[in-house]
Amino acid sequence: MLFILRLIIVVIYSILVSFFGCIYCLFSPRNPKHVATFGKLFGNLAPVFGLTVEKRIPAEAPNNGKCIYIANHQNNYDMVTASSVVMPGTVTVGKKSLVWIPFFGQLYWLTGNLLIDRNNRAKAHGTISQVVSQIKKKNLSIWMFPEGTRSRGRGLMPFKTGAFHAAISAGVPIVPICVSNTNGKVKLNRWSNGHVIVEMLPPVDTTGYTKDRLRELSEHCHKLMADKIAELDAEVALREAAEKK
């Protein structure tokens, strides 16, 4: 019964937000300020899934300026966890097929996000140039998932170099965002599904890196995030174990 109730609430809420969001965005289409607004609206669904999301955003984060945010990509629940910390003036890079999802896909495009055709390497490289252009000309920050796909319980997957190539080309820092494990955590017939911590790390300066050091930068950020995610997972496990006593 709880499963059905949750499903009904999520479907109705998502349709309403997407439908009326599209209408709202038509008055200022492709305006990047919308991304953070609707990210937080979808983040409101976390309690419906029985999740308590703790957001750890540094006090100085609003002063990050132009940057590239990179986050671990686990599953569809990222939509109600990681989305809650999207900063104003940030757009995301998503796969082109998203636009075909009824209502949500249209909202995703209208809010100003960038779409990439992952099956076409030439177009994918063109998207990196587009990312750099957006950062420089429109004073935007970009949110990317460097794993390129959902990890689905396999841990932090190897990073692709696109985000790091764009950061070096645009001369902006990289800001890692780490989300504690949600794989297998959500049981829709269970009232409480525990805690999730989303933490934004300090910016990683890229000015000392050149394009021939892409892999080095990628591996540095990967280690930072892997270590932090392991730390967050351990903290969540201890907290949830204490609550069961």
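Look up: the structure comes first, before these words.
An account of the accompanying structure is given in this report.

Thresholds, definitions, all that
- Residue positions are given per chain, counted from 1 along the sequence in the order it is written.
- Given that the model is predicted, a residue must reach a pLDDT of at least 70 before its local features are reported, and side-chain atom pairs must reach 80 or more before they are shown or counted; all residues, however, enter totals for whole chains, interfaces and linings.
- Think of the side-chain values as coming from all heavy atoms in the structure, minus any hydrogens and water.
- When DSSP finds two or more bridges between two strands, those strands count as paired.
- Numbering of helices and strands runs from the N terminus; a helix is a DSSP stretch of H or I covering at least four residues, while a strand is a stretch of E covering at least two.
- Here an axis means a line fitted to C-alpha atoms, over the contact stretch when the element is a helix, while the angle between two N-to-C directions is reported on a 0 to 180 degree scale.
- Contacts are residue-level and defined by heavy atoms, with any inter-residue pair within 4.5 Å sufficient.
- Only one rule defines a salt bridge in this text: a Lys or Arg side-chain nitrogen within 4 Å of an Asp or Glu carboxyl oxygen.
- Accessibility here uses a 1.4 Å probe with only protein chains present; expressed as a share of the type maximum, an area under 20% marks a residue as buried, one over 50% as exposed, and anything in between as partly exposed.
- Disulfides are defined as pairs of cysteine sulfur atoms found within 2.5 Å of each other.
- Expected span of a helix, by definition, is 1.5 Å for each gap between consecutive residues, and there is one gap fewer than residues.
- For this count, His and the chain ends are skipped, Lys and Arg are scored as positive, and Asp and Glu as negative.
- Residue types Ala, Val, Leu, Ile, Met, Phe, Trp, Tyr and Cys, when buried and joined through side-chain atoms within 4.5 Å, form a set referred to as a nonpolar core.

## Structural notes on the sheet that holds strand β5 (residues 141-144)
An order of β1-β7-β6-β2-β5-β3-β4 is seen for the 7 strands of this open sheet, with the pairing classed as mixed. Of all the strands in the sheet, the pair left with one neighbour each is β1 (52-56) and β4 (114-116). Taking the axes of each pair of neighbouring strands and ignoring which way they run, one obtains an average angle of 20° across the sheet. Relative to β5, strand β3 (residues 90-95) runs parallel, the two being bridged by 3 bridges. The residue bridging Val 91 from the neighbouring strand is Ile 142, located in β5. Relative to strand β2 (residues 68-71), helix α5 (residues 162-170) is tilted by about 165°, and along the sheet it contacts β2, β5 and β6 (174-179).

## A short note on the pattern of salt bridges
A complete count under the given rule lists 10 salt bridges for this structure. Measuring nitrogen to oxygen at the nearest pair gives 3.5 Å for the salt bridge that ties Glu 199 to Arg 56. Of this pair, Glu 199 sits in strand β7 (residues 195-200) while Arg 56 is found in strand β1, placing the two residues 143 residues apart along the sequence. The exposure class assigned to Glu 199 is buried, which follows from its relative accessible area of 14%. Connected through shared salt-bridge partners, Glu 54, Arg 56, Glu 199, Lys 228, Glu 231, Glu 235 and Arg 239 make up one network.

## Topic: the state of the cysteines
Applying the stated criterion across every chain, the model contains 0 disulfides. Note on Cys 25: no disulfide assigned, nearest cysteine sulfur contributed by Cys 22 at a separation of 6.9 Å. No disulfide involves Cys 67; its sulfur sits 12 Å from that of Cys 221, the nearest cysteine.

## A few points about helix α6 (residues 214-244)
Since the α-helix packs 3.6 residues into each turn, any two residues three or four apart lie on the same face. Its 31 residues place the ends of α6 45 Å apart at the C-alpha level, agreeing with the 45 Å of an ideal helix rising 1.5 Å per residue. When α6 is considered as a whole, its buried residues turn out to be Leu 214, Leu 217, Ser 218, Cys 221, Met 225, Lys 228, Ile 229, Leu 232, Val 236 and Glu 240. Structurally, α6 contributes buried residues whose contacts are with β1, β2, α5, β6 and β7.

## Details of the pairing of β3
The element β3 is largely enclosed, with a buried count of 5 among its 6 residues. Pairing geometry for β3 and β4, over 3 bridges, is parallel. Bridged to Val 93 within β4 is Leu 114.

## Description of the environment of Gly 50
Here Gly 50 is to be found in the loop between α2 (33-43) and β1. Since its relative accessible area comes to 11%, Gly 50 is described here as buried. Distance from Gly 50 to Asn 189, taken between C-alpha atoms, is 9.7 Å for residues 139 residues apart in sequence. With sequence-adjacent residues up to four places away left out, Gly 50 is seen in contact with Arg 6, Trp 191, Ser 192, Asn 193 and Gly 194.

## Here we look at the side chain of Arg 6
Relative to the helices and strands, Arg 6 resides in helix α1 (residues 2-25). Of the side chains bearing the opposite charge, Glu 240 lies closest to the buried Arg 6, which forms no salt bridge; the N-O distance is 12 Å.

## A few points about the nonpolar core
Membership of the largest hydrophobic core comes to 71 residues, with the highest contact counts inside it found for Ile 68, Ile 70 and Ile 142. If you tally residues by element for this core, the top one is α6, at 7 residues.

## Observations regarding unusual backbone geometry
Unlike most non-glycine residues, Phe 103 shows phi in positive territory, near 65°. In this fold, Phe 103 is placed in the loop between β3 and α3 (104-110). In this structure Phe 103 comes out as partly exposed when scored by relative accessible area, which is 36%. Despite not being glycine, Arg 152 has its phi angle at roughly 50°, a positive value. Examined against the element boundaries, Arg 152 turns out to sit in the loop between β5 and α5.

Interpretation note: all reported values are geometric properties and have no functional meaning in isolation.
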